[in-house]
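One-letter residues, chain by chain:
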Amino acid sequence: MRINKYLSGCGIDSRRKCEQLVLDGRVKINGKKATELATDVKDGDYVEVDGHAVTVAHKLVYIMLNKPKGCICSLSDEHGRKTVLDIVKVKERIFPVGRLDYDTEGLLLLTNDGELANKLAHPSSGVKKTYYVRVEGVPTAAELKRLRDGVTFGGVKYAGAEVSIVDEDGGNARLSVTISEGKNHEIKNMIESLGRRVMLLKRVALGGLRLGGLSRGEWRYLSARETERLKAL
Ligand code: URA
């Protein structure tokens, strides 16, 4: 089996990220660095990532976290910032599905199921993600139409979103924005294309899952039904 598929199946990360581990020289097979993506793993091979033995994950876990602001969605941070794995501590080697920015809160999935993570995080998956967005000022009807039609910002095209104003408060608006791409900083860039600033960003739903009453910084395992629904997407 190809090395990236093997690592991903063991719950290390998505196939694409596992390719990067190989290219970065972090993977060894039987004590020898494997830097070729075409490398195969055979029965009985001893595989390590960063010096830790890799074994097939026995149990796949699916977790929903209400990510607070002030932590990152990487497995570790060279600047010593808090990561989501400082909050969700389980024995399985889980990783976040996609990313929320350091200052974004809300629904984040974590799993050791590399296949599902890969599928959900890929921009072509079309999985819907809904955000509450507190915006400086109140966007005009013409601005809302631009968001619905799709905008370009910084040379990147963003597909049209489902947008509505939830409420207005102190001259600012709270929007509900649903996107299905998931490009880097997508919501902030869409709003910035209007010349406006995002004051607070929170993801409240993803592919039929809702954050519900989960408090900031709390996490829970998905139910079997929720997991099945995600896999069927
Ligand atoms: N869009 C953003 O701009 N940031 C996020 O964290 C998520 C979506």
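Up top is the structure these notes are about.
Structural notes, computed from the coordinates. (Residues numbered from 1 in each chain as written. Predicted model: local features only at pLDDT ≥ 70, side-chain atom pairs only at ≥ 80, totals over all residues. Heavy atoms only, no water.)

Looking at the overall build of the chain
To keep things clear, this is the line we draw: Helix numbers and strand numbers start at the N terminus; a helix is a DSSP run of H or I with at least 4 residues, a strand a run of E with at least 2. A radius of gyration in this sense is built from C-alpha atoms; the matching globule rule multiplies 2.2 Å by the number of residues raised to 0.38. Working definition: with a 1.4 Å probe on protein chains only, accessible area under 20% of the residue-type maximum means buried, over 50% means exposed, and in between means partly exposed. By definition in these notes, contact holds between two residues if any of their heavy atoms fall within 4.5 Å.
Broken down by element type, the chain carries six helices and 15 strands. The C-alpha atoms of the chain give a radius of gyration of 20 Å, which matches the 17 Å a tight globule of 233 residues would have. Taken along the three principal axes of its C-alpha coordinates, the chain extends 65 × 40 × 35 Å. By residue count, 46% of the 233 residues in the chain fall in the buried class. Counted over contacts in the chain with a minimum sequence separation of 6, partners at least 24 positions apart contribute 63%.

Focus: the packing of aromatic side chains
Given two aromatic rings, their pairing is described by the distance between the two centres and the angle made by the two planes. Note the following rule: In this scheme Phe, Tyr and Trp rings, the latter by its six-membered ring, pair at centre separations within 6.5 Å, and the angle between planes marks the pair as stacked below 30 degrees, edge-to-face above 60, and tilted otherwise. As a reminder, the over-ring test applies to NZ of lysine and CZ of arginine, requiring each to be within 6 Å of the ring centre and within 35 degrees of the ring normal.
Summed over all chains, the structure comprises one aromatic pair. The interplanar angle of 80° and the centroid separation of 5.4 Å between the aromatic rings of Trp-219 and Tyr-221 together place this pair among those described as edge-to-face. For Trp-219, a relative accessible area of 29% puts it in the partly exposed group. On the accessibility criterion, Tyr-221 (41% relative accessible area) is partly exposed. Here the guanidinium or amino end of Lys-183 rests over the ring plane of Tyr-158, the centre of that ring lying 5.7 Å away.

Side note on the layout of surface pockets
As a reminder, the rule being used: A cavity here means a set of points on a 1 Å grid, drawn over the protein atoms and nothing else, where a 1.4 Å probe fits but cannot get out; a pocket is an open set with protein on both sides within 12 Å along at least five of seven lines, and a residue lines either one if it has an atom within 4 Å of a point. Grid points are joined across faces, edges and corners, and a volume is the space filled by probe spheres set on the points. Polar here means any residue outside two lists: the nonpolar Ala, Val, Leu, Ile, Met, Phe, Trp, Tyr, Cys and Pro, and the charged Asp, Glu, Lys and Arg; Gly therefore counts as polar.
In this model, the largest pocket occupies a volume close to 820 Å³. Lining the largest pocket are 37 residues, with Gly-98, Arg-99, Leu-100, Gly-182 and Asn-184 sitting closest to its centre. Of all the secondary structure elements, the ones that give two or more residues to the lining of the largest pocket are helix 2 (15-23), strand 6 (95-96), helix 3 (114-121), strand 8 (129-135), helix 5 (186-192) and strand 13 (198-206). Considering each element in turn, the lining of the largest pocket owes the most residues, four residues, to helix 3. By residue class, the composition of the lining of the largest pocket is 16 nonpolar, nine polar and twelve charged. Considering only enclosed or pocket space, the second largest pocket measures out at about 590 Å³ in volume. Residue lining of the second largest pocket: 25 residues in total, with Ile-12, Asp-13, Leu-21, Arg-26 and Leu-75 positioned closest to the centre. Listing elements by their share of the lining of the second largest pocket, those giving two or more residues are helix 2 and strand 6. Broken down by element, the lining of the second largest pocket gets its largest block of residues, three residues, from helix 2.

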